[in-house]
Each structure stands twice: as C-alpha cells, then as structure tokens.
Amino acid sequence: MTQPQHYDAVIVGAGPAGCCAALRMVDLGYRVALVERSPFPRPRFGESLSPGIWNILDYIGVAPAVAKAGFLRDLPARVCWETAEPQLILPGQRGSGLMVDRARFDTLLLDAARARGVSLFQPASVIRLDCGDGHWRLDIRHGANECLLQTRLVFEATGRAARSTRQCYPVGAETLALSTLAVGTDLPIETCIEAQADGWIWGAPHPSGGFRIQAFMGPATLREPDVRDLSTRLRALLVRSQLFKALAEARFDEPVRACRATAYINRDAWQPGRIQLGEAAFAIDPLSSSGVEKAMRFTLQAVIAANTLLKDAGAATMARDFYQDRLLQAAATHAVWTRNYYAKASIDQDRPFWQARTLPLSNSSDASEYGLIARFHTAYAARERYEAKKLTFDVNAEPVTDADIAAIWRICHDKKYQQKNQ
Ligand SMILES: Cc1cc2nc3c(=O)[nH]c(=O)nc-3n(C[C@H](O)[C@H](O)[C@H](O)COP(=O)(O)OP(=O)(O)OC[C@H]3O[C@@H](n4cnc5c(N)ncnc54)[C@H](O)[C@@H]3O)c2cc1C
C-alpha cells in the first residue's frame, strides 16, 4: 500500500449525482477524488431528461458539450392518459426536454470532471471505510493496485442498487419496470405514454438508434402464472396497448431487463461526515421523467451543506437541517404530484395498481421511527393541503366590482393620501 493521498472530499459513484458533486466541489476550490466501480461507457436507466435539466447543466458548465453531443431534443409526445384517445403534445407546450444515451451522457459528465482536475479511480471499489480523528480513510482497489485515500468528507452517490431494504423507507407503491430497445423500421418518432389496466408504458426514440420501451407495473403483474419470461411478458403488455401495439412484433436489440422503480427515502441519508447524494439519498416515481434532474438538483443543495460543514465544523447542525429539509421537500412534493397525476388517468381506478397510487400515502413507519420519517409525513401532509387548496381555489370567489376599481383609482390619484402613506 502506498502513502495516503489527501482530499477534502471523496465521492463514491460517478453517475449524474457523483459527477455533479465533483464538478461543483472543484469549482469551490476543494481537492476531490471520484471512485467509480464500472468502466465507462455503461448503460443506465433514466434517459428522458426533463426540461429543468438545462439550468443545472448550465450551472455546472457542461450545457454546451451536452448540446453538441447529438442527443434528441424537442420530441413531440403522444399521450393516452387523461383521455382514451391519444393526445398530441408539441414540444413548445412542455419545454425543451432531452432524450439521451446514458452511456454517453454519463461519460461526458465524467470527462468534464476529470478535465477540471478531479482525481479519478476507475474501475475501483472501496474495500474498507473507517473514520478516526475527524478524517475518513478509504482503502480502495484500483485495477491491480490498492491505494489509501484520506478525506474530510465522503459523498456516497452509488445509486439505487447499493441501498439495503432496511435503509429505504418506501414513499410510493412498489413498482417494477421492464426495459428494452426495439429496433427495425416504422418505429414511432415521438415519445409515447399510455396508461393501461395494470400499469403504464413509456417509449421514446433513442439517440443511438432504435426505440426505448419501459413498462411499469406492480409486483402482482410479474407474478402472474402465465409469465414464462420477461420478453413474453413485455410483448403481452405491448400487444394490449394502443400506442405500442406495432412494437409487440419488433426485434429487441437487448435482453429485457427488470428492475425496481419504487420511490423511497434513505433513513441514513446524512451521517456525520458521510453524505448520500442522488438516488442514494432518495428516489422518485419515474412517472415524471425527472429523476436525473432531481438527483442533480438535490446534489447541488447537498454541496451547499457540505461546503458549510467544511468551512465551519460548528455549523454541522445547521448544515444537516438544511440538507434534510431539502431532501424531504423534494420527496414529499414529488410524491403528491405523482399521486395527483395517477388520479388523472382515464382508467378503471379501482384496479389494484391504480388504487395503490391514488390513495393518500399511509404512514407505514412503526413507533420506533422518528426524526426523518416523521418529518417526511408532516411535509407530505402539508403539501397535500397546499395542492388541495390550489385545486379548490375559486378565482371568482371575490369578484372585483366597478366600485373597487373606482376606489383604487381614487387612492392612486389622491395626493394627500399618497403623501400620508409615503
Ligand atoms: C426504470 C427506471 C426508469 C427511469 N427513468 C427515468 C427517466 O426517464 N428520466 C429520469 O430523469 N430519470 C429516470 N430514472 C431515474 C434515474 O435513473 C436516476 O435518477 C439517476 O440515474 C440517478 O443518478 P445517480 O447518480 O444518483 O445514480 P446512478 O445513475 O445509479 O449512478 C450510480 C453510480 O455509482 C456507481 N456505483 C455503485 N456502487 C458503487 C460502489 N460500491 N463503488 C463505486 N461505484 C459504485 C455505479 O456504477 C454508477 O455509475 C429512472 C429510474 C428507473 C429505475
């Protein structure tokens, strides 16, 4: 083992959250190392990026490189959700989103971090992590070598897969996703979204060719006795749909992959000196296609907390509270938005899939749960009340009359009144 290498922050995981933290931390003048276990490029879920991604990319200085990368912008959408008849939504009606190839998108972010001076260990894995004297020591295996990194802060941006079931508190119904890439001729040229009896399907043209398909369902759908393999299951869902029917016979260029897509918050997101970022901290329902945006936006907020902590160890409580508040607000706001959007689907809402997503979130924590989980439920209830008020607010409840206008006019032109109130 060589001499320790010293950093202000070591970030484990180089997805959008890890790279975003690395870029922001070097801009703030810190010495930063990034440890990523997979060689890049590597595939990833989450390729449809919401319009809000642009101001984040701009802020961390990668927007021009992303704009030049040949990803797909401004796709129109064909949607069967609020009506059984497909609705066409033009790009101008929902902002300029982006359909990326995550293998290339993540590599682009990583290259930018390296170019700005972040030390990269890839492929590398952490063998041991311990803390002493206010510093963290990470033994890492980097290729054939072992190195020792010493740091003041550890960021964990290892994504959804690295979370244990104990850590994840679900804030949405259990959701599974099937994903593949269809290839061939006559593929749709727009994003397609369709609500079905027991789930929903999303698809979009892929920048590297083909058409990405993802179907979302509850676990019961995958447990059905007639399911022989994932490909047959996915084709059975496609054939029953309006927008995806023609794709049921298409060739799949990748094996159909299944993964969990349940929304959660990580009970241990903040530990002293060890901070979770992106999907390591919380995950949202994929319905809004804004997971990457949320992961990066929250990372920027987490870096504010980390910067406060590194500058003034006495402000640790303030930094933690800021971090946790941002996390809970983001998770609660999204959980309420998701519920309301599921409730708009013109589908039999008594089916178990739809019921589980449209009823208010129940508090499934036990009596020993306090702190973060209790605060999440308070934030969720507050957001529910806020949204309900917005829905029921009647703009004509207090109509403005001619007499009101005359009174306002008099006030505006009354010199004495104005002098008195200056
Ligand atoms: C089915 C599905 C569909 C989705 N669709 C969308 C969508 O359309 N739009 C959208 O915006 N979002 C979508 N998302 C969400 C999106 O995938 C995530 O929000 C995003 O990838 C989170 O980024 P991240 O950096 O936190 O984690 P990740 O992208 O998962 O990156 C984590 C990185 O950490 C590395 N790593 C893991 N463990 C270790 C370790 N021990 N040591 C070193 N490195 C490690 C991994 O190799 C990886 O590179 C979807 C998610 C799912 C599950």
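Every value quoted in this text rests on a predicted model; they were computed, and no experiment measured them.

Student: Outline the packing of aromatic side chains, supporting the account with residue identities and numerical values.
Tutor: The full count for this structure, using the stated rule, is 14 aromatic pairs. Between W270 and Y323 the ring centres are 5.0 Å apart and the planes differ by 55°, which places this aromatic pair in the tilted class. Of the two residues, W270 sits in strand β20 (residues 270-271) while Y323 sits in helix α8 (residues 316-343), which places them 53 residues apart along the sequence. Accessibility classification places W270 together with Y323 in one group, the buried group. An aromatic cluster is built from W81, W200, F216, W337, Y341, Y342, F353 and W354, whose rings are joined through pairwise contacts. Taking NZ or CZ as reference, R235 lies 3.8 Å from the ring centre of F252, over its face. The ring of F45 is capped by R257, whose NZ or CZ atom sits 4.6 Å from the centre of that ring.

Student: Please provide a residue-by-residue account of the nonpolar core, values included.
Tutor: Grouped together as the largest cluster of nonpolar side chains are 74 residues, with contacts concentrated most on I265 and Y323. Here this core gets 10 residues from one element, more than from any other, and that element is helix α7 (residues 291-311). Look past the residues within four positions of Y323 in its chain and what remains in contact with it is A269, W270, I275, Q276, A281, F298, A302 and A305. By size, the runner-up hydrophobic cluster in this structure holds 20 residues, among which are L238, F244, A248 and F252.

Student: Can you explain the sheet that holds strand β19 (residues 264-266)? Please cite residues and give values.
Tutor: Spatially, three strands are ordered β12-β19-β22 in an open sheet, and the strand pairing comes out antiparallel. Since the sheet does not close on itself, it has two edges, and those belong to β12 (168-170) and β22 (282-283), each with one partner. Bridge count between β19 and β22: two bridges; the pairing is antiparallel. Counterpart to Y264 in the pairing with β22 is A283.

Reading the values: rules and limits
Residues numbered from 1 in each chain as written. Predicted model: local features only at pLDDT ≥ 70, side-chain atom pairs only at ≥ 80, totals over all residues. Heavy atoms only, no water. Phe/Tyr/Trp six-rings, centres within 6.5 Å; stacked < 30°, edge-to-face > 60°. Helix = DSSP H or I, 4+ residues; strand = E, 2+ residues; numbered from the N terminus. Buried < 20%, exposed > 50% of the residue type's maximum accessible area, 1.4 Å probe, protein only. Lys NZ or Arg CZ within 6 Å of the ring centre and 35° of its normal. Core = buried A, V, L, I, M, F, W, Y, C linked by side-chain atoms within 4.5 Å. Contact = heavy atoms within 4.5 Å. Pairing = 2+ DSSP bridges.

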